[in-house]
Amino acid sequence: MRFIAVVFLSLALLCMPQTVLADMTVNLDWEMANRYNDLTVSVDGEVGQGFGVKLGVGAAGSMEGPENFATRVTEFGGSYSIGTFKVFGGLISHTVGRAKIHPTFLCPNSPAFPNVGYEISGMNWSYMKLHGDLRTPRRELLPGEEQETYKRLGLHYLSFTPWEPLSIGLGEALVFTESFDGDLFYNSLPFLPYYFAKYFPGIKSAADNSLFYGDGQLKLPVVTLYGELLVNEFPMTPGAGNPKLFAITLGAETDKLIPNWNLLAEYTYFTDRAYSNGNKDAVYSIGDKSLGHPLGDDFTGFDIQASRYWDFIQSETTFGVYHLRLGDTAVRPWSKRSEDLVEEKVYGVKLEAKHWRDNLELGAHLDVGYVTDYKHQPGETGFKHKFILSATWHL
């Protein structure tokens, strides 16, 4: 019923007069990866008078039979803006970060979850705060699994530009598994650090998972440099002997070296259990889906890619090569990594093409990787592949 309701609501929005649909985008994605298919349709934009909507439906499963497909509502929420202030709520996703390929905090493909929050914007800064429910949806529970009793997320992010070429962002996320005194203030007041909750009034250390995040971008005459750093609370306790849990992405982008070409290089490193602590219910995820990087953690990656826009056909093409070393990428509570684990090594290529025609954007993305020590088995080889078709209408 939820699927049907969202479909009819989406059609109703698309049938509205253009004077009402101030700025609307309809997006269709079909991802095929290793015999697994994921189809999504989403509607995002303004409907006039400061009101916005985010709607999405999807179906995922194997092509071996229609009974293997499961439909779901991927997003169902809205927002209202007045001046520089916006409030939002519903089953919606968020994106935070400057990385082009390997985000560390909130990636563009992170799963949606029930949340409410607000955004404030100034001349050279913006601030966002949200409070959400990260319990695993009941439809995704396996037989015998039980939903978490309590799993909440408090997250805020401040972005500012102190100097025109330089942009800086600071963020913090707190996953907590029980309520605590003063949580109303920490989840609603702007700029109040969640880390203070450990001391004022105090929250059990076993009931929370604190993540600290920072990013930056520096535009130089020849190249743009950017980076992200996410640090788990563990390393911040000197002498405790805790593992160093963090994730870092560094990149450089330029269109000055080769005429008409944009070149990009990016390096990333995630420690094992970067999103976790000892509490299984406090992992920075929804079920087994990371809110940060879609791969999870415990991996190293390096990417190089070149892009060019072709005026005569109104198209953009991108070619890239990459290397990944994958350990135990599953997002799980902290534990000692198995010394016998053999890392997967992936050597891959990416091809992407986009074409614009009036208000329609068509896209195709191909990712093929040759894998050694496939599935962490020494000497085994294999392939990983992903193909995405997309269409976007700008109304």
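All figures in this text were calculated on a predicted structure; none of them were measured in a lab.

*Asks:* So what exactly am I meant to see when it comes to the overall build of the protein chain here?
*Replies:* Each helix and strand counted, the protein chain has two helices and 20 strands in total. Within the protein chain, the fraction of its 395 residues that count as buried is 43%. Of the accessible surface of the protein chain, which amounts to about 20700 Å², a share of 61% is contributed by carbon and sulfur atoms.

*Asks:* What is the right way to read the pairing of strand β7 (residues 125-133) from this model?
*Replies:* Residues in a regular strand point their side chains to alternate faces of the sheet. Taken together, the seven bridges between strand β6 (residues 113-121) and β7 define a ladder with antiparallel strand orientation. Its bridge partner being in β7, Asn115 is matched across the sheet by Gly132. Following β6, the chain reverses through three residues before pairing antiparallel with β7. Summarising the sheet, β7 and strand β8 (residues 152-163) pair through nine bridges and their orientation is antiparallel. By the bridge assignment for β8, Met128 is matched with Tyr157.

*Asks:* Help me understand the pairing of strand β1 (residues 23-33) in this model?
*Replies:* Pairing between β1 and strand β2 (residues 36-48): 11 bridges, direction antiparallel. Following the sheet pairing, Leu28 is matched in β2 by Val41. Counting the residues that bridge the hairpin from β1 to β2 gives two residues, and of these Asn34 lies at a positive phi of roughly 50°. Strand direction decides the pairing type here: β1 and strand β20 (residues 381-394), joined by nine bridges, are antiparallel. Its bridge partner lying in β20, Trp30 is registered against Leu389.

*Asks:* Which parts of the structure should I look at to understand the nonpolar core?
*Replies:* In globular proteins that are soluble, nonpolar side chains generally tend to be buried together. Phe105, Leu153, Leu155, Tyr284 and Leu291 are the most contacted members of the largest nonpolar core, which totals 32 residues. Of all the elements in the fold, those that place two or more residues in this core are β5 (85-92), β7, β8, β9 (166-176), β10 (208-219) and β17 (315-326). Setting aside anything within four residues of it in sequence, one finds Leu155 in contact with Phe105, Leu106, Met128, Lys129, Leu130, Glu172, Ala173, Tyr194 and Tyr284. One finds Phe180, Tyr186, Ala197 and Ile203 within the second-largest nonpolar core, a separate group that totals seven residues.

*Asks:* I'm lost on the packing of aromatic side chains in this one. Help?
*Replies:* Aromatic ring pairs are defined here through the distance separating the ring centres and the angle between the ring planes. With the rule as written, the count across this model stands at 20 aromatic pairs. Geometrically, the ring pair formed by Tyr195 and Phe212 is edge-to-face, given 5.3 Å between the ring centres and 65° between the ring planes. Taken together, the residues span a long stretch of sequence, with Tyr195 in the loop between α2 (183-186) and β10 and Phe212 in strand β10 at a distance of 17 residues. There is no split in this pair, since Tyr195 and Phe212 are both buried. A ring pair is formed by Trp261 and Trp310, whose centres lie 6.2 Å apart and whose planes are at 85°; its orientation type is edge-to-face. Here the residue Trp261 occupies a position in strand β13 (residues 261-270), and Trp310 occupies one in strand β16 (residues 299-310), the gap between them amounting to 49 residues. Taking relative accessible area as the criterion, Trp261 reaches 26% and is therefore assigned partly exposed. By relative accessible area, which is 24% here, Trp310 ends up partly exposed. Chaining the aromatic ring pairs together yields one cluster made of Phe105, Tyr157, Tyr213, Phe270, Tyr275, Tyr284 and Phe299. Over the aromatic face of Tyr194 sits the side chain of Lys129, whose NZ or CZ is 5.0 Å from the ring centroid. Above the face of the Trp310 ring, Arg308 is positioned so that its terminal group lies 4.2 Å from the ring centre.

*Asks:* Quick question: what am I supposed to make of the environment of Thr25 here?
*Replies:* Along the chain, Thr25 falls in strand β1. Using a relative accessible area of 24% as the deciding quantity, one classes Thr25 as partly exposed. Remark: the alpha-carbon pair of Thr25 and His394, spanning 369 residues in sequence, is separated by 4.7 Å. If near-sequence neighbours (up to four positions away) are discounted, Thr25 is found in contact with Ser42, Val43, Asp44, Thr392, Trp393 and His394.

*Asks:* What should I look at first to understand the pattern of salt bridges in this one?
*Replies:* Side chains bearing opposite charge may pair, as long as their charged atoms lie close to each other. The tally for this structure, following the rule as stated, stands at 16 salt bridges. The residue Glu253 makes a salt bridge to Lys100 at a minimum N-O spacing of 3.8 Å. Of this pair, Glu253 sits in strand β12 (residues 246-254) while Lys100 sits in the loop between β5 and β6, and the two are 153 residues apart along the sequence. Overall, Lys100 belongs to the partly exposed group, its relative accessible area being 44%.

*Asks:* I keep staring at the confidence of the model for the protein chain and nothing clicks. Help me out?
*Replies:* If pLDDT is low for a region, its predicted coordinates should not be looked at in detail. Scored by pLDDT, the protein chain comes out at a mean of 88, with 88% of its residues at no less than 70. Below pLDDT 50 for its whole length, residues 1-9 participates in 15 contacts with residues either more than four positions away or in separate chains.

*Asks:* Help me understand the side chain of His156, please; the structure alone is not making it clear to me.
*Replies:* Tracing the backbone shows His156 in strand β8. Using a relative accessible area of 8% as the deciding quantity, one classes His156 as buried. Within polar-contact distance, the side chain of His156 engages the side chain of Tyr127 at 2.9 Å. A distance of 2.9 Å separates a polar atom in the side chain of His156 from a polar atom in the side chain of Glu172. In this structure His156 touches Tyr127, Met128, Lys129, Leu170, Gly171, Glu172, Phe191, Leu192, Pro193 and Tyr194, once residues within four positions along its chain are discounted.

What counts and what doesn't
Residues numbered from 1 in each chain as written. Predicted model: local features only at pLDDT ≥ 70, side-chain atom pairs only at ≥ 80, totals over all residues. Heavy atoms only, no water. Helix = DSSP H or I, 4+ residues; strand = E, 2+ residues; numbered from the N terminus. Buried < 20%, exposed > 50% of the residue type's maximum accessible area, 1.4 Å probe, protein only. Areas by Shrake-Rupley, 256 points an atom, 1.4 Å probe, with all protein chains shown as cover. Pairing = 2+ DSSP bridges. Core = buried A, V, L, I, M, F, W, Y, C linked by side-chain atoms within 4.5 Å. Contact = heavy atoms within 4.5 Å. Phe/Tyr/Trp six-rings, centres within 6.5 Å; stacked < 30°, edge-to-face > 60°. Lys NZ or Arg CZ within 6 Å of the ring centre and 35° of its normal. Salt bridge = Lys/Arg side-chain N within 4 Å of Asp/Glu carboxyl O. pLDDT = per-residue confidence, 0-100. Polar contact = N/O pair within 3.5 Å; in protein donor to acceptor, adjacent residues only side chain to side chain.

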